[in-house]
Amino acid sequence: EAGVVQSPRYKIIEKKQPVAFWCNPISGHNTLYWYLQNLGQGPELLIRYENEEAVDDSQLPKDRFSAERLKGVDSTLKIQPAELGDSAVYLCASSLSVGGTYNEQFFGPGTRLTVL
Amino acid sequence: DQQVKQNSPSLSVQEGRISILNCDYTNSMFDYFLWYKKYPAEGPTFLISISSIKDKNEDGRFTVFLNKSAKHLSLHIVPSQPGDSAVYFCAASAWGATNKLIFGTGTLLAVQP
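Residues numbered from 1 in each chain as written. Chains lettered and ligands numbered in written order. Predicted model: local features only at pLDDT ≥ 70, side-chain atom pairs only at ≥ 80, totals over all residues. Heavy atoms only, no water.

Q: Which residues make up the overall build of chain A, and what values go with them?
A: When you go through chain A residue by residue, the secondary structure sums to zero helices and eleven strands. Tracing chain A from N to C terminus, the helices and strands come up as β-β-β-β-β-β-β-β-β-β-β. Taken against the 2.2 N^0.38 rule, which gives 13 Å for 116 residues, the C-alpha radius of gyration of chain A at 14 Å falls within 12% of a compact globule. Here chain A, with 116 residues, has 47% of them falling under the buried criterion. Taking all contacts inside chain A whose residues are at least 6 apart in sequence as the whole, residues at least 24 apart take part in 53%. Accessible surface, chain A as shown: approximately 5,900 Å² in total, 51% of it carbon and sulfur. Put simply, chain A has 11 plus and 14 minus side-chain charges, and the middle of one group is 7 Å from the middle of the other. (Helix = DSSP H or I, 4+ residues; strand = E, 2+ residues; numbered from the N terminus. Rg over C-alpha atoms; globule rule 2.2 N^0.38 Å. Buried < 20%, exposed > 50% of the residue type's maximum accessible area, 1.4 Å probe, protein only. Contact = heavy atoms within 4.5 Å. Areas by Shrake-Rupley, 256 points an atom, 1.4 Å probe, with all protein chains shown as cover. Lys, Arg positive; Asp, Glu negative; His and termini not counted. Charge placed at Lys NZ, Arg CZ, Asp CG, Glu CD.)

Q: Report on the pattern of salt bridges, specifying residues and quantitative values.
A: Scanning the entire structure with this criterion turns up seven salt bridges over all chains. A salt bridge links B:K100 to A:D56, with the nearest nitrogen and oxygen atoms 3.4 Å apart. Here the residue B:K100 occupies a position in strand β10 (residues 97–103), and A:D56 occupies one in strand β6 (residues 53–56), the pair thus bridging two chains. With relative accessibility at 24%, the residue B:K100 sits in the partly exposed group. If you follow the salt bridges from partner to partner, you end up with A:R64, A:E83 and A:D86 in one network. (Salt bridge = Lys/Arg side-chain N within 4 Å of Asp/Glu carboxyl O.)

Q: With reference to specific residues and values, describe the nonpolar core.
A: With 24 residues, the main nonpolar core has B:F33, B:W35, B:L73, B:L75 and B:Y88 as its most contacted residues. When residues of this core are assigned to their parent elements, the largest contribution, five residues, is made by strand β9 (residues 86–94) of chain B. Not counting residues within four places of it along the chain, the set of residues in contact with B:Y88 comprises B:Q6, B:L21, B:W35, B:Y36, B:K37, B:L47, B:L75, B:I77, B:G106, B:T107 and B:L109. Counting residues in hydrophobic clusters, the runner-up holds 22 residues, among them A:C23, A:L46, A:L77 and A:Y90. (Core = buried A, V, L, I, M, F, W, Y, C linked by side-chain atoms within 4.5 Å.)

Q: Which residues make up the side chain of A:S97, and what values go with them?
A: As for its placement among the helices and strands, A:S97 is situated in the loop between β9 (88–95) and β10 (106–107). Judged by relative accessible area, which is 18%, A:S97 ranks as buried. A polar contact is formed between the side chain of A:S97 and the side chain of A:T31, at a distance of 2.5 Å. Filtering out sequence-adjacent residues up to four positions away, A:S97 remains in contact with A:N30, A:T31, A:Y33, A:E50, A:N103 and B:N99. (Polar contact = N/O pair within 3.5 Å; in protein donor to acceptor, adjacent residues only side chain to side chain.)

Q: So, the sheet that holds strand β8 (residues 75–79) of chain A: which residues are in play, and what are the values?
A: All names here are of chain A. Pairing in this open sheet of four strands is antiparallel, and the strands run β1-β3-β8-β7 from one edge to the other. Where the open sheet ends on each side, the last strands, each with one partner, are β1 (5–7) and β7 (65–68). Neighbour to neighbour, the strand axes of the sheet diverge by 15° on average, direction disregarded. Two strands pair when backbone bridges link them, and strand β3 (residues 19–24) and β8 are joined in this way by five bridges, in the antiparallel orientation. Residue V19 lies in a different strand from β8, and its bridge partner there is I79. (Pairing = 2+ DSSP bridges. Axes fitted to C-alpha atoms, helices over the stretch in contact; angles between N-to-C directions.)

Q: Could you give me a rundown of the interface of chain B and chain A, with the residues and numbers involved?
A: Contacts between chain B and chain A engage 17 residues on the former and 24 residues on the latter. On the surface where chain B and chain A come into contact, there are one salt bridge. The interface formed by chain B and chain A includes seven residue pairs in polar contact (both at pLDDT 80 or more). Mapped by element, the contributors of at least two residues to the side of chain B that touches chain A are β4 (30–38) and β10 of chain B. Broken down by element, the residue count for the side of chain B that touches chain A peaks at five residues, all from β10(B).

Have a look at this one:
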């Protein structure tokens, strides 16, 4: 069974440019997460989707970040415009959520973004 | 405010010996705790977890201990193997927010042959 797929794996852009990351979750997983991991830190949740609905986007900087999960399958995270401080690894994860209990999250390999 | 803390950035252990990784938390609402393992250029992978109703959970070479009064958990790896060399993240979730994980900063474990 294929795992969580992310592309691109690496991206280098200049500041003020837009950038987009793509994630395809594990087949059948209804919950999708985007995390930000800064160097030397643990992952921090940016947004969580239950099917097509963003149920937790409290940590998403909405002035420059946006995300969508059309049709409740794959998802795109966009930054426009990118700033130097956005350099980090962007991780996507998915899980099959059954209400009330913790559901294991499976992570993709991440996209390493460098903003020059 | 770091709710989950891993105060040791790195740990070096000889092959065959015990590795002990520590994690402290501040939020008393946390009721589920997990350890993730991460190799370079890969995403974190789930290793072991423990519910707050238990104080120990064991899976092969890996055991997690939870001390709720001290708000402390630890991961024991016995015996340690070179393939265990990775970054280990402690994570926690709170009742009512079961899928919202709060991660620590990670501990880099190096197992020397």
